[in-house]
Amino acid sequence: MERYWLGVVCRDHVRRGTGLGIAQLGHGRRDGLARLSPGDWLVYYSPRTGLRGGTPLQAFTAIGEVADDEIWQADEGDFHPWRRRVSYVEDARETRIMDLDLALTRERNWGYQLRRGLVELSEADFAVIRSALAGHR
């Protein structure tokens, strides 16, 4: 049974990951990636354009399907983030979260839950987001 996930990552990092065909969550920690299974869908929400000093964005910035079971550790000198392959939808349209009617955002302090970095989405919210990123509203 496929599940739907929302990863919270700045847009600059999302763009780098989609270019590499990989997912990286929680500043490179393994635990979030281990919750995903092949066939699950991952939507990225970017609160800001950059990690430090980026401008506010609050938009969905990418969507893709988890490709396989493999989680590996990359070597970037002093940084060794965990990663896994994702098949991203090409030409996904960046979409502001507040432009969509989602159960996720109906709560008064909806952003608080996103501090965890990875939250499961309902099938209904995923369908709305997927449609918007495909350019259908």
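It should be emphasised that the depicted structure is a prediction, and the values quoted were computed from it without experimental measurement. (Residues numbered from 1 in each chain as written. Predicted model: local features only at pLDDT ≥ 70, side-chain atom pairs only at ≥ 80, totals over all residues. Heavy atoms only, no water.)

## Structural notes on the environment of D101
Tracing the sequence through the fold places D101 in the loop between strand 7 (95-96) and strand 8 (118-121). Judged by relative accessible area, D101 falls into the exposed class, the value being 56%. As for D101 and F79, which are separated by 22 residues in sequence, their C-alpha atoms are 38 Å apart. Residues contacting D101, with those up to four places away along its chain left out, are R106 and V128. Among the polar contacts listed, one links the side chain of D101 to the side chain of R106, at a separation of 3.2 Å. (Helix = DSSP H or I, 4+ residues; strand = E, 2+ residues; numbered from the N terminus. Buried < 20%, exposed > 50% of the residue type's maximum accessible area, 1.4 Å probe, protein only. Contact = heavy atoms within 4.5 Å. Polar contact = N/O pair within 3.5 Å; in protein donor to acceptor, adjacent residues only side chain to side chain.)

## Details of helix 1 (residues 11-20)
When helix 1 is considered as a whole, its buried residues turn out to be R11, V14 and G17. Projected down its long axis, helix 1 shows its buried positions confined to an angular sector of 120°, all on one face. Turned more than 90 degrees from where helix 1 packs its buried face, R15 and G19 sit exposed. One or two positions beyond helix 1, positive phi appears at G21, with a value near 75°. (Arc of directions from axis to C-beta.)

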